[in-house]
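Reading the structure
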Amino acid sequence: DVKVTQSSRYLVKRTGEKVFLECVQDMDHENMFWYRQDPGLGLRLIYFSYDVKMKEKGDIPEGYSVSREKKERFSLILESASTNQTSMYLCATLWDRANEKLFFGSGTQLSVL
Amino acid sequence: GENVEQHPSTLSVQEGDSAVIKCTYSDSASNYFPWYKQELGKRPQLIIDIRSNVGEKKDQRIAVTLNKTAKHFSLHITETQPEDSAVYFCAAMLDYKLSFGAGTTVTVRA
């Protein structure tokens, strides 16, 4: 079974704090993604990475950055958290480009106060 | 990028009846269309998918149809059961990125 682990299930931060969300996968997948999920908006892509040290912007990258120093770990960084970044954040990995199935982590519910 | 629209946003059905969710996509180059089910407090789980070279696919009580010309695809659930109550998301893949619809909350009434 594919395992995609997000370090925190719930997180509460203050406005202006720097926030790190960590995602680790154990299947040697090259492709990793960060989505945020908001009611009525579905899942929106923030950033993705096809390889180590490689990153590309998704549909809503403003206010976020990412880091992929090792293949198994993909970090989402909120440089200065704001209340409108309160959301559920989901990490996902793609098996490979021939098998497009996306596997999700269990999510991190972030509240910015 | 790809834009996926999903309807309806909520759907209430009597147990045993069928449920249909419809999605449209904008980019004709999209080539893979999965459906995810998300139960309360859990991660989205893939339930069925279809590729652009296939028109229909069925897996027990669920089926998906794809009309490439019209750029729309649908999820059909027959003989609904209480455990089918969840949020369902359609998605379309373009350049190995998945874009999702806004979701449909399905409630199956006993």
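Further up the page is the structure itself.
What comes next concerns the included structure. (Residues numbered from 1 in each chain as written. Chains lettered and ligands numbered in written order. Predicted model: local features only at pLDDT ≥ 70, side-chain atom pairs only at ≥ 80, totals over all residues. Heavy atoms only, no water.)

Description of the overall build of chain A
Here is the rule: Going along the chain from the N terminus, every DSSP run of H or I of four or more residues is numbered as a helix, and every run of E of two or more is numbered as a strand. As defined in this context, the radius of gyration uses C-alpha atoms, and a globule is described by 2.2 Å times the residue total to the power 0.38. Relative accessibility decides the category of a residue: with a 1.4 Å probe and only protein chains considered, values under 20% of the type maximum give buried, values over 50% give exposed, and everything between is partly exposed. Note on contacts: a residue pair qualifies if any of its non-hydrogen atoms lie within 4.5 Å across the two residues. For every accessible area listed, the method is Shrake-Rupley and the probe measures 1.4 Å; residues are considered covered only by the protein chains on display. Charged residues are defined here as Lys and Arg on the positive side and Asp and Glu on the negative side; His and the ends of the chain fall outside this count. For this purpose, a charge sits on NZ of Lys, CZ of Arg, CG of Asp or CD of Glu.
Of regular secondary structure, chain A possesses 0 helices and 11 strands. In chain A, the succession of helices and strands from N to C terminus is β-β-β-β-β-β-β-β-β-β-β. In summary, chain A has a C-alpha radius of gyration of 13 Å against a globular reference of 13 Å for 113 residues, a match within 12%. Its C-alpha atoms give chain A principal-axis dimensions of about 40 × 30 × 25 Å. Counting across all 113 residues of chain A, residues that qualify as buried make up 48%. Partitioning the contacts of chain A with sequence separation of at least 6, the portion at a separation of at least 24 is 54%. Summing over all exposed atoms, chain A offers an accessible surface of approximately 5,400 Å²; the carbon and sulfur share of this is 49%. Chain A carries 16 positive and 16 negative side-chain charges, and their two centres are separated by 5 Å.

Topic: the overall build of chain B
Looking only at helices and strands, chain B has 0 helices and 11 strands in total. Ordered by position from the N terminus, the helices and strands of chain B form the series β-β-β-β-β-β-β-β-β-β-β. Relative to its length of 110 residues, chain B is compact, with a C-alpha radius of gyration of 13 Å against a globular reference of 13 Å. Once the C-alpha set of chain B is aligned to its principal axes, its extents read approximately 40 × 25 × 20 Å. The proportion of buried residues among the 110 residues of chain B is 44%. Total accessible area on chain B stands at roughly 5,400 Å², and carbon and sulfur atoms take up 46% of it.

Details of the sheet that holds strand β1 (residues 4–7) of chain B
Residues and elements named next belong to chain B. Test applied: By definition, two strands form a pair when at least two bridges between them are found by DSSP. All axes here are fitted lines through C-alpha atoms, helices being fitted over the stretch that makes contact, and every angle between N-to-C directions spans 0 to 180 degrees.
Reading across the sheet, the 5 strands line up as β1-β3-β8-β7-β6 and stay open at both edges, with antiparallel pairing between neighbours. Pairing within the sheet leaves two strands with one partner each, and these edge strands are β1 and β6 (56–59). Across the sheet, the mean angle from the axis of one strand to that of its neighbour is 15°, orientation sign disregarded.

Regarding the interface of chain B and chain A
Put simply, an interface is often sized by how much accessible area is lost when its parts join up. The test is simple: By buried area we mean the combined loss of accessible area, with a 1.4 Å probe, across both parts when two parts are placed together. Each reported salt bridge corresponds to a side-chain nitrogen of Lys or Arg within 4 Å of a carboxyl oxygen of Asp or Glu. Think of it as three bins: nonpolar holds Ala, Val, Leu, Ile, Met, Phe, Trp, Tyr, Cys and Pro, charged holds Asp, Glu, Lys and Arg, and polar takes everything else, Gly as well.
Opposite the 19 residues of chain B that make contact, chain A presents 24 residues. Counting each side, the surface lost to burial between chain B and chain A is near 1,800 Å², with a carbon and sulfur contribution of 54%. Summed over the shared surface of chain B and chain A, the number is 1 salt bridge. Salt-bridge contacts for B:D49 lead to A:K101; the nearest nitrogen and oxygen are separated by 2.8 Å. For the side of chain B that touches chain A, the secondary-structure elements that each account for two or more residues are β4 (32–38), β5 (45–51), β9 (86–94) and β10 (97–100) of chain B. If you tally residues by element for the side of chain B that touches chain A, the top one is β10(B), at 4 residues. Residue classes in the side of chain B that touches chain A are distributed as 10 nonpolar, 4 polar and 5 charged.

Quick look at the side chain of B:D49
In plain terms, the rule: Side-chain atoms alone can form a polar contact between residues adjacent in sequence; in general such a contact is a pair of N or O atoms within 3.5 Å, and within protein one must be able to donate a hydrogen while the other accepts it.
Structurally, B:D49 is set in strand β5. Within the structure, the side chain of B:D49 is placed 2.7 Å from the side chain of B:Y32, a separation counted as a polar contact. Non-local contacts of B:D49, meaning those with residues more than four positions away in its chain, are made with A:K101, B:Y32, B:F33, B:P34, B:K57 and B:V64.

Considering the nonpolar core
Here is the rule: Nine residue types can take part in a nonpolar core, namely buried Ala, Val, Leu, Ile, Met, Phe, Trp, Tyr and Cys, and a core is a set of them joined through side-chain atoms within 4.5 Å.
By size, the foremost hydrophobic cluster in this structure holds 23 residues, and its most contacted members are B:I21, B:Y25, B:F33, B:W35, B:F73, B:L75 and B:Y88. Broken down by secondary-structure element, the contributors of at least two residues to this core are β2 (10–14), β3 (19–25), β4, β5, β7 (62–67), β8 (72–77), β9 and β11 (104–109) of chain B. Setting aside its immediate chain neighbours within four residues, B:F33 contacts B:Y25, B:I48, B:D49, B:I50, B:S52, B:L66, B:F73, B:A91 and B:A92. Within the second largest apolar cluster, 20 residues are counted, among which are A:L21, A:Y47, A:A81 and A:L110.

Details of the state of the cysteines
Put simply, the test is: Here, the term disulfide refers to a pair of cysteine sulfur atoms separated by no more than 2.5 Å.
Following the criterion strictly, the structure yields 2 disulfides over all chains and no others. The disulfide partner of A:C23 is A:C91, and the S-S distance across this bridge is 1.9 Å. The S-S bond linking A:C23 to A:C91 shows a torsion near -75°; that makes this disulfide left-handed. Separated by 68 residues along the polypeptide, A:C23 in strand β3 (residues 19–25) and A:C91 in strand β9 (residues 87–96) bring together distant segments of the chain. At a sulfur-sulfur separation of 2.0 Å, the disulfide partner of B:C23 is B:C90.

Read these as layout, nothing more, since geometry by itself doesn't imply function.
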